[in-house]
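What follows is the residue order along each chain.
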Amino acid sequence: MPHSQDDPYYCALLHKGLYLEKTTSEDFAVASCCAMHRGTRTSQIDFVNNAWLQEKRALSRQERIPECKQCWDLEQATGHSHRIGANQWLDRMGDDIDPYAAELLRFDYNVDILCNAKCIQCSAWFSSLWAAEDQQHGIKQQPRYFNVIRKNTFDSVDVSKLVHVYFNGGEPFLSDQPEEFLTKIKDQKGLETVTVDFSTNGSVMPRQSLIDLLKQCKRASLVISLDGVNGAFEYIRHPLVWAEVEANAVRMTELADNIVIGFSNNIGVHNIDEAINMKKWYDDISRSVRFSGMAFLQTVQTLALDNASRALLDLWKEKFMPMAQHDPVFRDIAGMVLNARGRDDDHIWLDHLSMIDRRRDLDWRRALPNLHDCYKKIQDHCDPVKYPR
């Protein structure tokens, strides 16, 4: 089995994983996982013979492929990533598996974009509520947005060797597709050897018919994306209500013995200053409710730490480096800050939050007071053109 020391570019997902993301009612983009940059669009599912995937598998024997930049950046910042986790998973599968043979063991599926949230780090590409807001403000829509309930793309997916399935959205618990795909697996091979992961916003409880299928699986993990608590959560994951999501998280722990509940936070400019509050909330609630853990990952695109000014990054270094010595969570966050490239100014994320506030009649300075405090510190000592008030 390949390890990083003898094959530093190896990723099990390139050879064992498939991610599908619909682009129209007929076509979809393929990748090896949800973190990988999508490949060319196609209407045919052929995991083994897809030319783009074959090219990436071959290239990965020689170098880091650019489509996997998100994992390489996270590894440099924190020492772990989706790639490393997948390689460890394949190691546990045993020595009978050829690591370089293309065989579909893991399937990631992006369900309908039907969603009841318009999170500030998201977009109309993944949320019907975002798409509706964009349309209300005169932004041209793409074909994907008009196919909220889309044709199934998984009819031709070979499930005979599948051992792991992952659903993201949209909001998966608003979609029929997870239930339909799990039923397909049940009918063709059974669910007893299959593990299932969901990425959910926590505002919707799964239907009983889906729960009944999950009970038949080897294990199911429902991972609730938080990115903040209390008022920060409600600004970031507008228009969700924090108290409802918190209550649902507790309720989900009672669904079945093989269903575990965890949390994830995608750290960016908007919520890095909320990390202490998020960890404190998790530590407190875990004293009375059993959860599986809380992960801290990196936000990409507009609100990524790369789009923070270097002055702001310096403040976060001062804040998190001392804590990094005593807590692995803050060590990871400090690594993200140290690894961020930074900019001369903060216009990118400021413009984005200002647009959000104009549209929704909100105020990021009130909702994210810790970020506002940090920003005020650099405003007082820096060029007002680069750091507008």
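This text goes with the structure placed above it.
In short, a report on the structure. If you're wondering where the values come from, they're calculated on a predicted model, not measured in any experiment.

1. Comments concerning the packing of aromatic side chains
Using the criterion set out here, one finds 16 aromatic pairs in the structure. Ring plane angle 80° and centroid distance 6.4 Å describe the contact between Phe 167 and Phe 181, whose orientation is recorded as edge-to-face. Here Phe 167 is found in strand β5 (residues 164-168), whereas its partner Phe 181 is found in helix α6 (residues 177-188), with 14 residues between them in sequence. Ring geometry for Trp 364 versus Tyr 375: centroids 6.4 Å apart, planes at 65°, classification edge-to-face. One end of the pair, Trp 364, is in helix α14 (residues 364-367); the other, Tyr 375, is in helix α15 (residues 369-379), and eleven residues separate them in sequence. With respect to burial, Trp 364 and Tyr 375 carry one shared label: buried. In textbook terms, an aromatic cluster arises when at least three aromatic residues are bridged by ring pairs, as seen for Phe 107, Tyr 109, Phe 167, Phe 173, Phe 181 and Phe 198.

2. What to know about unusual backbone geometry
Omega for the peptide link from Gly 169 to Gly 170 comes to 15°, which places this bond in the cis form. Looking at the secondary structure, you find Gly 170 in the loop between β5 and α6. With an omega of 0°, the peptide bond running from His 238 to Pro 239 counts as cis. In this structure, Pro 239 sits in the loop between α8 (230-236) and α9 (242-252). One non-glycine residue, Gln 301, adopts positive backbone phi at about 70°. Tracing the backbone through its elements, the reader meets Gln 301 in the loop between β9 (294-298) and α11 (310-324).

3. Regarding the pairing of strand β2 (residues 28-31)
Burial along β2 is two-sided: the face carrying Phe 28 and Val 30 and the face carrying Ala 29 and Ala 31 are both buried. Bridging between strand β1 (residues 17-22) and β2 involves four bridges; their strand directions are antiparallel. Directly across from Glu 21, in β2, lies its bridge partner Ala 29. Relative to strand β3 (residues 41-42), β2 runs antiparallel, the two sharing two bridges. Directly across from Phe 28, in β3, lies its bridge partner Thr 42.

4. Examining the nonpolar core
Membership of the largest hydrophobic core comes to 118 residues, with the highest contact counts inside it found for Trp 316 and Trp 349. When residues no more than four places from it in sequence are discounted, the contact partners of Trp 316 are Val 269, Ile 272, Asp 273, Leu 305, Ala 308, Met 321, Val 337, Leu 371 and Cys 374.

5. Describing the environment of Arg 38
As for its placement among the helices and strands, Arg 38 is situated in the loop between β2 and β3. Assessed through its relative accessible area of 22%, Arg 38 is described here as partly exposed. Separated by 30 residues in sequence, Arg 38 and Cys 68 place their C-alpha atoms 9.9 Å apart. A polar side-chain atom of Arg 38 sits 2.9 Å from a polar atom in the side chain of Glu 21. Of the polar contacts made by the side chain of Arg 38, one reaches the backbone oxygen of Met 36; its length is 2.5 Å.

Criteria and thresholds
Residues numbered from 1 in each chain as written. Predicted model: local features only at pLDDT ≥ 70, side-chain atom pairs only at ≥ 80, totals over all residues. Heavy atoms only, no water. Phe/Tyr/Trp six-rings, centres within 6.5 Å; stacked < 30°, edge-to-face > 60°. Helix = DSSP H or I, 4+ residues; strand = E, 2+ residues; numbered from the N terminus. Buried < 20%, exposed > 50% of the residue type's maximum accessible area, 1.4 Å probe, protein only. Pairing = 2+ DSSP bridges. Core = buried A, V, L, I, M, F, W, Y, C linked by side-chain atoms within 4.5 Å. Contact = heavy atoms within 4.5 Å. Polar contact = N/O pair within 3.5 Å; in protein donor to acceptor, adjacent residues only side chain to side chain.

So, to be careful, I would describe these as geometric facts and stop short of saying anything about function.
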